[in-house]
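Here is what each chain is made of, one letter per residue.
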Amino acid sequence: MKAEKINPKDISRPSEQMVELNPADFMKLPYPYDKGEDEPAFKRLKEDQKKKYETSLDGVLAVGIPRPATKGEEDELVRKFLSGLEKLLTKENNWTFLQPLTLSLEYCAKCQTCNDACPIYISSGKKDIYRPTYRSEVLRMIANKYLKKSGKLLAKFTGNDIELNWTTVAKLAELAYRCTLCRRCAQTCPIGVDNGLITHELRKIFSQEMGIAPGEIHTLGSVQHLKKGSSTGLMPVALKDTLEFLEDDIKERTGLDIKFPLDKEGADILLIHNAGEYLSWPENPMAFAIIFEAAGLNWTLSTDLLGYDAVNYGLWYDDVQFARVAVRHAQIAKKLGVKKIVIGECGHAHKAISVIADRIINEEINIPRESSMTLLEDLVCSGKLNLDPKKNAFPVTLHDPCNMVRLMGVVEPQRKIIRKICPQFREMEPHGVRNYCCGGGSGFAIMSSMNFPNWRSSVSGRMKFKQILEAFQDVIDPSIKKMVCAPCSNCKGALREIFNYYNAWEKCGISYTGLVELIVNAMVDIKEPYIEWPIM
């Protein structure tokens, strides 16, 4: 069925719902899901939720802005939005991203080349509102009409005759969270327009100027991170208790008597994990400890507030929150006097502390920062670890986290490791810098309000699930255990939800894990299998 054409101006018009999401329209999945019989029903919002929140974009709620009680409240939200947009386009208020934002707003040729690069647009059945350019076109028209001289007077002649009202603002807030910021669109654009950046900047208006952001990444995310030390709520005392438990677990599973080094001044390496690993996948920080000790590295963990959680959710929506966390990470490393920071298996933490932090970390607290992928490559490929690839005798494919791979260029280290220790490794197509997002990027993996998880697994994660099924088509029988290696906590979280949503273990025998778990599973000196099936 041909998708209905929706004009950017339509976003201003009151409607029951701009698009209707129907699984029958979604991109088809390969065998054994090709008949659509196992496609879960799409969860619809309840009537009381529709009355309370603005839901007329697509019937999905990620942000959930309550409907204003009065016309005055509506007008105030519109005023704040326009004020925020005006600030976004000034050097003194947005020196970090003004230049690429302006170039992307002014030079898009509207060729729509980027559409087919977007996994959400394709997976949804080509719903027009999910085009990478749709929200950009809306924002561009608002800026041209309301912020440029004679903009309102000439709006009908310049094609910018869009109405900025409460409906527009509320739908834009939700639309800012229908993009994972994976940047496949920017990668494909022939002139380098970055629609992902425009989405990011749109989120900044809502957070920094209007106090509107999904609770999971703001109140329970970066705010809790700064207050308690971790976005998980894990406080230093609880961290120490957790690590003692993990030491016992390592002893029980491997016979190795390993103690996590804590706050060791002058160590070569400060290792920072996504703290979600300690709670959801403790075998990951355990595996790091086993590998580092086996290689004889001089390393430490920090128990300082923020020093044990590498996440930085501000990267996705708020420059101020981002800066607060990034500076604190650098200060903690300086205080310990370590030679470098090594980032564990977390894609967005890689980009946050390695690339974007360069914009705000000054010389006084600057410190070398390295991906764990390159460090692990050196350990595995130089022969410092005694490994037997036959211990990983099952089909394995590799997921490329967008932030680490496409946006940083860390492509080969993890592949060299897997080729060495996993004899049945096979690539997804496409892979490397052309990979597809797990569907949980930019905070989606931790956002769980109302029916958003349903949208995430059936739409934003659909292309990744299709890739995984295609990679394992020759061994799709559920009696053959298969593994997806995802060296990123958020990606693992998204894959866990997708696999549960489609019952992938029972139906196909597909599970997931991190990279270090596969390395430890191949270590000759570890007698019992380190990987347990399935990982949920």
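As a reminder, the structure under discussion sits directly above these lines.
A brief structural summary.

Rules and cut-offs
- Residues numbered from 1 in each chain as written.
- Predicted model: local features only at pLDDT ≥ 70, side-chain atom pairs only at ≥ 80, totals over all residues.
- Heavy atoms only, no water.
- Helix = DSSP H or I, 4+ residues; strand = E, 2+ residues; numbered from the N terminus.
- Rg over C-alpha atoms; globule rule 2.2 N^0.38 Å.
- Buried < 20%, exposed > 50% of the residue type's maximum accessible area, 1.4 Å probe, protein only.
- Areas by Shrake-Rupley, 256 points an atom, 1.4 Å probe, with all protein chains shown as cover.
- Lys, Arg positive; Asp, Glu negative; His and termini not counted.
- Charge placed at Lys NZ, Arg CZ, Asp CG, Glu CD.
- Expected span 1.5 Å × (residues − 1).
- Axes fitted to C-alpha atoms, helices over the stretch in contact; angles between N-to-C directions.
- Parallel < 35°, antiparallel > 145°, perpendicular 65-115°, else oblique.
- Left-handed = near helix turned anticlockwise from the far one by under 90°.
- Contact = heavy atoms within 4.5 Å.
- Pairing = 2+ DSSP bridges.
- Salt bridge = Lys/Arg side-chain N within 4 Å of Asp/Glu carboxyl O.

## Notes on the overall build of the protein
Here's step 1: Tallying secondary structure elements over the protein gives 23 helices and seven strands in all.
Here's step 2: A compact globule built from 536 residues should have a C-alpha radius of gyration of about 24 Å, and the protein, at 24 Å, falls within 12% of that.
Here's step 3: Principal axes of the C-alpha set define a box for the protein whose edges measure 75 × 60 × 45 Å.
Here's step 4: For the protein, buried positions account for 61% of its 536 residues.
Here's step 5: Looking at the protein as shown, the accessible area adds up to about 21000 Å², and 51% of this sits on carbon and sulfur atoms.
Here's step 6: Side chains of the protein carry 71 positive and 68 negative charges; the gap between the two charge centres is 5 Å.

## Regarding helix H21 (residues 489-501)
Here's step 1: For H21, spanning 13 residues, the distance from its first C-alpha to its last is 18 Å, which sits close to the expected 18 Å at 1.5 Å a residue.
Here's step 2: Of all 13 residues in H21, 10 are buried, a share of seventy percent or more.
Here's step 3: Of the residues making up H21, those classed as buried are Ser489, Asn490, Cys491, Lys492, Gly493, Ala494, Leu495, Ile498, Phe499 and Tyr501.
Here's step 4: Once H21 ends, the next one or two residues include Asn503, with phi positive near 55 degrees.

## Some details on the packing of helix H5 (residues 134-146) against helix H9 (residues 195-210)
Here's step 1: The contact between H5 and H9 brings their axes to 9 Å, and the two run at 60 degrees. By the angle between their axes, H5 is oblique relative to H9. Crossing of H5 over H9 shows left-handed handedness. Contacts from Arg135, Ser136 and Leu139 in H5 reach Asn195, Ile198, Thr199 and Leu202 in H9.

## Quick word on the sheet that holds strand E7 (residues 510-513)
Here's step 1: In space, the three strands of this open sheet follow the order E5-E6-E7, with parallel pairing throughout. Strands with a single pairing partner mark the edges of an open sheet, and in this sheet they are strand E5 (396-398) and E7. Strand-to-strand twist of the sheet, defined as the mean angle between neighbouring strand axes without regard to direction, takes the value 25 degrees.
Here's step 2: The pairing of strand E6 (residues 482-485) with E7 spans four bridges and is classified as parallel. Its bridge partner lying in E7, Cys485 is registered against Thr513.

## Remarks on the pattern of salt bridges
Any two side chains of opposite charge can pair, on the condition that their charged atoms come close.
Here's step 1: Taken as a whole and judged by the stated rule, the model has 37 salt bridges.
Here's step 2: Between Lys507 and Asp38 there is a salt bridge, and its shortest N-O distance comes to 2.8 Å. Here Lys507 is found in helix H22 (residues 504-508), whereas its partner Asp38 is found in the segment before helix H1 (47-52), with 469 residues between them in sequence.
Here's step 3: For Lys507, a relative accessible area of 28% translates into the label partly exposed.
Here's step 4: Its relative accessible area of 34% is what places Asp38 among the partly exposed residues.
Here's step 5: The network of salt bridges with common partners includes Lys5, Asp128, Arg131 and Glu137.

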